[in-house]
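Summary of the model geometry
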Amino acid sequence: MPIRESFTHEFPGLVWKLAFDQVGSVPALAVELRQPDVREATWAVVDLVENEVIWQSSADLDLAPDEWLGLVGLFDGTLLLHRHATDTPQPRGLVALEGRTGEPHWDWPGLSFLGCDGRVVLALLGGREEARVVRVALTSGKMLENESVEPEFSEKSPHVSPELHHYPETGPFFAPVAAFVRKRTGHEPVKAADYLDAGSCLVIAYYFFANGALENWLLLVDKARNEWISERIGVGPGLNPEPFAVYGNRIILVQDKIRLKVYEW
C-alpha cells in the first residue's frame, strides 16, 4: 500500500507538545509552540483531512505578569488551555478556544482539567483540600451541576494507535530490531529502538552515531517489506520520548523540533 507525504510545515518556534483530537469526527491535532527565551507560547491547529494549518496564533487573553498558558488538548474542535503561574505547574484556570479561529469560548478561574468526552468537561474546582468535581459544557462553558448530563468517556480513541514498544539496548527485543534496521539501512543502532506494528506497515525509530553525534532516524517498511520512509528525525545527546505517533492511517513526527510531518496510507 503506497505511503505518501500528506503534510509538512515548519513552525516559527519549538514544537513543545502535540495533542490529537480524540473525540472529534474530523482528524485534527493541536500544536503548542514555545519561544523559551521570551517565555512565550503560541498554538496552532492542523486539519488532517484538508492537510493545512487552520489557525496559528497566541491566545487573545489577558495574562497576569506571572502567568503562563499550557496546552491541555483538542476536543471535537475545541482547544483547551490551562492557566499556570510561571513558578508552579498547578493550574489556576481553564480556558476554551474555538479551534478554527482561536476565538475564546469561555474562561473559568480555579478549574483543573480531568477529562472531556466532546460534550462535557470534567474538572476540579478549588484548591487541593476543598476541591470538588464539576461538569462544564464544552462549547458554552455553562456549569452543569444541576443537570442530568454525564460525560461518556470511551476507553480507546478510534484514531490514536496503541503506545509504542520501547526496546532498550539491554533488553531481549533490541537485537532482532537492530538486525532488521542494519540490513535495511546499513546503520548500526545503539541505545534503544521504538517499534510499532501499525497494521499496514512496521514503524521503527532508532539511534546511531554519525560523525560523533547521536542521530534519531525513522524507518517505515510495509508488510511486503518495501521501504517507504527512511529519514532523520533529529540530532542530540538524549533519547526522544515520542519519536513518532500513529493517528488513524497517519504517521506523525516532528523533525528537528520545528517541522511537523505527516505520512498517510
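Small disclaimer: the values here were computed from a predicted structure and weren't measured.

1. Points about the layout of surface pockets
The gaps left among the atoms become clear once a water-sized probe is rolled over them. There is about 1,100 Å³ of room inside the largest pocket. Looking at the largest pocket, it is lined by 36 residues, and the ones nearest its centre are Asn240, Pro241, Glu242, Pro243 and Val254. Going through the elements one at a time, strand S2 (14-20), strand S16 (213-222), strand S17 (227-235), strand S18 (245-247) and strand S19 (250-255) are the ones with two or more residues in the lining of the largest pocket. If one sorts the elements of the lining of the largest pocket by residue count, S2 sits on top with 7 residues. Across the lining of the largest pocket, the residue classes break down as 23 nonpolar, 7 polar and 6 charged.

2. Section: the side chain of Asp222
Mapped onto the secondary structure, Asp222 falls in strand S16. The buried charged residue Asp222 lacks any salt bridge partner; its closest oppositely charged side chain belongs to Arg184, at an N-O distance of 7.1 Å.

3. Observations regarding the sheet that holds strand S9 (residues 104-109)
Backbone-to-backbone hydrogen bonds pair the strands of a sheet. The strands run either parallel or antiparallel. Taken in spatial order, the 4 strands of this open sheet run S6-S7-S8-S9, and their pairing is antiparallel. Each edge of the open sheet is held by one strand with a lone partner, namely strand S6 (67-75) and S9. For this sheet, the mean inter-axis angle between neighbouring strands, taken without regard to orientation, is 20 degrees.

4. Considerations on the packing of aromatic side chains
Per the counting criterion, the structure on display carries 6 aromatic pairs. Ring geometry for Phe75 versus Phe113: centroids 5.4 Å apart, planes at 35 degrees, classification tilted. In this pair, Phe75 is assigned in strand S6 and Phe113 in strand S10 (residues 111-116), connecting sequence segments 38 residues apart. The exposure classification of Phe75 matches that of Phe113, with both residues buried. Taken together, the ring pairs in this structure connect Tyr167, Phe173 and Tyr195 into an aromatic cluster.

5. Things to note about the side chain of Asp47
Position of Asp47 relative to the elements: it lies in strand S4 (residues 40-47). For Asp47, a relative accessible area of 4% gives the class buried. A polar contact is formed between the side chain of Asp47 and the backbone nitrogen of Glu50, at a distance of 3.0 Å. Side chain to side chain, Asp47 and Arg100 meet in a polar contact 2.7 Å long. Here Asp47 is in contact with Val26, Pro27, Glu52, Ile54 and Arg100, once residues within four sequence places are set aside.

6. A short note on the nonpolar core
Membership of the largest hydrophobic core comes to 18 residues, with the highest contact counts inside it found for Trp43, Ala59, Leu71, Leu79, Leu81 and Leu97. Elements with a minimum of two residues in this core: strand S3 (28-35), S4, strand S5 (52-57), S6, strand S7 (78-85) and strand S8 (91-98). Of the residues forming this core, the biggest block, 4 residues, is contributed by S6. Leave out the neighbours within four places in its chain, and Leu97 touches Trp55, Ala59, Gly77, Thr78, Leu79, Leu81, Gly102, Glu103, Pro104 and His105.

7. Some thoughts on the environment of Gly99
Within the fold, Gly99 resides in the loop between S8 and S9. For Gly99, a relative accessible area of 1% translates into the label buried. Separated by 87 residues in the primary sequence, Gly99 and Pro12 have C-alpha atoms spaced 19 Å apart. Beyond its immediate stretch of four places on either side in the chain, Gly99 contacts Val45, Ile54, Trp55, Gly77, Thr78 and Leu79.

8. Observations regarding the pairing of strand S14 (residues 190-197)
Looking along a regular strand, one sees side chains alternate from face to face of the sheet. Here strand S13 (residues 165-168) runs beside S14; their pairing, made up of 4 bridges, is antiparallel. Opposite His165, over in S14, you have Tyr195 as the bridge partner. In the sheet, S14 pairs with strand S15 (residues 201-210) via 6 bridges, with the strands oriented antiparallel. Bridging from a neighbouring strand, Ala193 pairs with Tyr206 of S15. As consecutive antiparallel partners, S14 and S15 are separated by 3 residues, and within that stretch Gly199 has a phi angle of approximately 95 degrees, a positive value.

Reading the values: the criteria
- Numbers given for residues are sequential positions, taken from 1 along each chain in its written order.
- Reporting in this predicted model follows two pLDDT cut-offs: at least 70 for local features of residues, and 80 or more for side-chain atom pairs to be given and counted; totals over whole chains, interfaces and linings ignore these cut-offs and use all residues.
- Processing note: side-chain calculations cover all non-hydrogen atoms of the structure and skip hydrogens and water entirely.
- Put plainly, a pocket is an open set of points on a 1 Å grid over the protein atoms alone with protein on both sides within 12 Å along at least five of seven lines, a cavity is a set where a 1.4 Å probe fits but cannot get out, and a lining residue has an atom within 4 Å of a point.
- Grid points are joined across faces, edges and corners, and a volume is the space filled by probe spheres set on the points.
- Secondary structure elements are defined from DSSP: runs of H or I of at least 4 residues count as helices, runs of E of at least 2 residues count as strands, and each element is numbered from the N terminus.
- When residue character is reported, Ala, Val, Leu, Ile, Met, Phe, Trp, Tyr, Cys and Pro are called nonpolar, Asp, Glu, Lys and Arg charged, and the others, Gly included, polar.
- Summary of the burial criterion: residues with accessible area below 20% of their type's maximum are buried, those above 50% are exposed, and those between are partly exposed, where the area comes from a 1.4 Å probe applied to protein chains only.
- Charge counting treats Lys and Arg as positive and Asp and Glu as negative, with His and both chain ends excluded.
- We count a salt bridge whenever a side-chain nitrogen from Lys or Arg sits within 4 Å of a carboxyl oxygen from Asp or Glu.
- Only when DSSP finds a minimum of two bridges between them are two strands counted as paired.
- Where helices are involved, their axes are fitted lines through C-alpha atoms of the stretch in contact, as for all axes, and angles between N-to-C directions lie from 0 to 180°.
- Working definition: a ring pair exists when centres of Phe, Tyr or Trp rings (six-membered ring for Trp) sit within 6.5 Å. Plane angles under 30 degrees give stacked, over 60 give edge-to-face, the rest tilted.
- N or O atoms within 3.5 Å of each other form a polar contact, as long as, within protein, one can give a hydrogen and the other can take it, and as long as residues adjacent in sequence are counted only when both atoms are side-chain atoms.
- Only heavy atoms enter the contact rule, under which two residues are in contact if any of them lie within 4.5 Å.
- Each nonpolar core is a collection of buried residues, namely Ala, Val, Leu, Ile, Met, Phe, Trp, Tyr and Cys, held together in the definition by side-chain atoms within 4.5 Å.

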